[in-house]
Amino acid sequence: MKIQGKEYRTIWYENKVVKIIDQTKLPHQFIIKDLNSVKDAINAIKIMEVRGAPLIGATAAYGIVLAVQENNNKEFINKSADELIKSRPTAINLKWAVDRMMKNLLNVNNDLILDIALKEAKEICDEDEKFCENIGINGLEIIEEIYNKKKNTVNILTHCNAGWLATINWGTATSPIYQAHKKGIPVHIWVDETRPRNQGANLTSYELNEEEIPNTIIADNTGGILMQRGDVDMCIVGTDRTLSNGDVCNKIGTYLKALAAHDNKVPFYVALPSSTIDWNIKDAKEIPIEERDSKELSNIDGVNSRGEIENFLIYPKKSKSMNLAFDITPAKYVTKLITEKGICDASTEGLKNLFK
Ligand code: MRU
């Protein structure tokens, strides 16, 4: 997608270096950063220079490439793989990508290992881009149907950033939006600010602006009244891990939005590539929910009068705060799942029919 009119993907490899867009600096500064070592990749995931389930998977895949480049000793590569998997716990794409890389490197001799690692990491990225594009093509029919009935702007609410910045390109939740916009269907997006890190305001609104899609940032608690007033036609969000029974783990606050949508009969869609499905865990209580530094709540980044990014304390110094990063939306509140293979019920049968 575009930034200042120029097409980008979120991650790429050039001259032995992995390039990323540093998302901790957006929307105020656009900085392309080099990852030179597996340590750099682990750190970029931990401090969220890259974030979003598919993108952290892709970064971990390139992390393995960097590990192989540094030292193709099996012990070092295995240790790097373990550390990459541990760098963030909730998004299943991270483990999925590392396992896929390691499976491909098994029994490969040393003179081929870097080429094979590079080929697989690129394939993970190309596949994600294709899958996300297909999610858009499949989800377009939902937006189109609403537009055909309403004959007026379709108002869509989204939470966090499940946009192209969270994937390689297109995004998951935003992909149907981009397809609808391309087709000339008028859309307007309600963007949940998404405290504490403000991925909605800082990333989703930013990327929609760059693509010239009308959007309005709202405080996270505003969605309920907008739904009561009939100002939301549909909700669409991404996910970090969806269980085979259709339960959806996503950014904290998703569950409350799904409850409000249910109460107001607003359809609630979840968009995901199959790399986000966890076929093993059967009970959502077993999903590891990341708890991040409480400083993400008590302190906030802003731009000072000199245009520099500064960090400010906004809470009472003595107050304790707690920062759970994800929650679980039970399948019963999910209208449909939108995947690269088609749209299905958020249920075991629904997912099994698509992914035999
Ligand atoms: O903590 P983040 O910013 O990595 O959380 C991202 C989300 O919750 C996204 O909705 C999810 O990863 C889906 S991305 C297509």
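Since the model is a prediction, treat every value here as computed from it, not as a measurement.

Reading the values: the criteria
Residues numbered from 1 in each chain as written. Predicted model: local features only at pLDDT ≥ 70, side-chain atom pairs only at ≥ 80, totals over all residues. Heavy atoms only, no water. Buried < 20%, exposed > 50% of the residue type's maximum accessible area, 1.4 Å probe, protein only. Helix = DSSP H or I, 4+ residues; strand = E, 2+ residues; numbered from the N terminus. Arc of directions from axis to C-beta. Contact = heavy atoms within 4.5 Å. Pairing = 2+ DSSP bridges. Domains from an automatic or database assignment. Salt bridge = Lys/Arg side-chain N within 4 Å of Asp/Glu carboxyl O. Polar contact = N/O pair within 3.5 Å; in protein donor to acceptor, adjacent residues only side chain to side chain. Axes fitted to C-alpha atoms, helices over the stretch in contact; angles between N-to-C directions.

Caption draft 1: Quick look at helix H1 (residues 38-46). Along H1, the positions that sit buried rather than exposed are Val 38, Ala 41, Ile 42, Ala 44 and Ile 45. Summarising the axial view, the buried residues of H1 lie within an arc of 160 degrees, below the 170-degree limit, and thus occupy one face. Residues of H1 that are buried make contact with strand S4 (17-21), strand S5 (32-35), helix H2 (53-70), helix H3 (74-86) and helix H4 (92-105). Met 48 occupies a position one or two residues after H1 and carries a positive phi of about 65 degrees.

Caption draft 2: A look at the pairing of strand S12 (residues 268-271). Alternating residues of S12 divide into Phe 268 and Val 270 and Tyr 269 and Ala 271, and every residue in both groups is buried. Taken together, the three bridges between strand S9 (residues 234-237) and S12 define a ladder with parallel strand orientation. Within S12, the position partnered with Ile 236 by the bridge is Tyr 269. By the bridge criterion, three bridges tie S12 to strand S17 (residues 336-339) in an arrangement that is parallel. Paired with Val 270 across the two strands is Leu 337, which belongs to S17.

Caption draft 3: Main features of the domain arrangement of the chain. Along its sequence, the chain is organised into domain 1 (2-127) and domain 2 (134-354). Placing the centre of domain 1 and that of domain 2 at their C-alpha centroids yields a distance of 24 Å. With 33 residues of domain 1 at the interface, the matching set in domain 2 holds 35 residues. On the surface where domain 1 and domain 2 come into contact, there are two salt bridges. In this structure, Arg 88 and Glu 290 form a salt bridge, with 2.8 Å as the shortest nitrogen-oxygen distance. Taken together, the links from domain 1 to domain 2 amount to 16 residue pairs in polar contact (both at pLDDT 80 or more). Those elements giving two or more residues to the side of domain 1 that touches domain 2 turn out to be strand S1 (2-3), H2 and H4. Per-element tally for the side of domain 1 that touches domain 2: the top contributor is H2, with four residues.

Caption draft 4: Region of the structure containing the sheet that holds strand S16 (residues 326-329). If you trace the four strands from one edge of the open sheet to the other, you get S13-S10-S11-S16, paired in mixed fashion. In this open sheet, the two strands that pair with only one neighbour each are strand S13 (277-278) and S16. Direction of pairing for strand S11 (residues 248-251) relative to S16: antiparallel, over a ladder of four bridges. For Cys 249, the partnering residue across the bridge sits in S16 and is Ile 328. In the packing of helix H9 (residues 254-263) onto the sheet, the strands contacted are S11 and S16, and the crossing angle to S16 comes to about 30 degrees.

Caption draft 5: Region of interest: unusual backbone geometry. In the segment running from Leu 26 into Pro 27, the intervening peptide bond is cis, with an omega of 5 degrees. Turning to its location among the elements, Pro 27 is positioned in the loop between S4 and S5. Backbone torsion omega between Arg 195 and Pro 196 reads 10 degrees, so that peptide bond is classified as cis. As for its position among the elements, Pro 196 is in the loop between strand S7 (187-192) and helix H7 (199-210).

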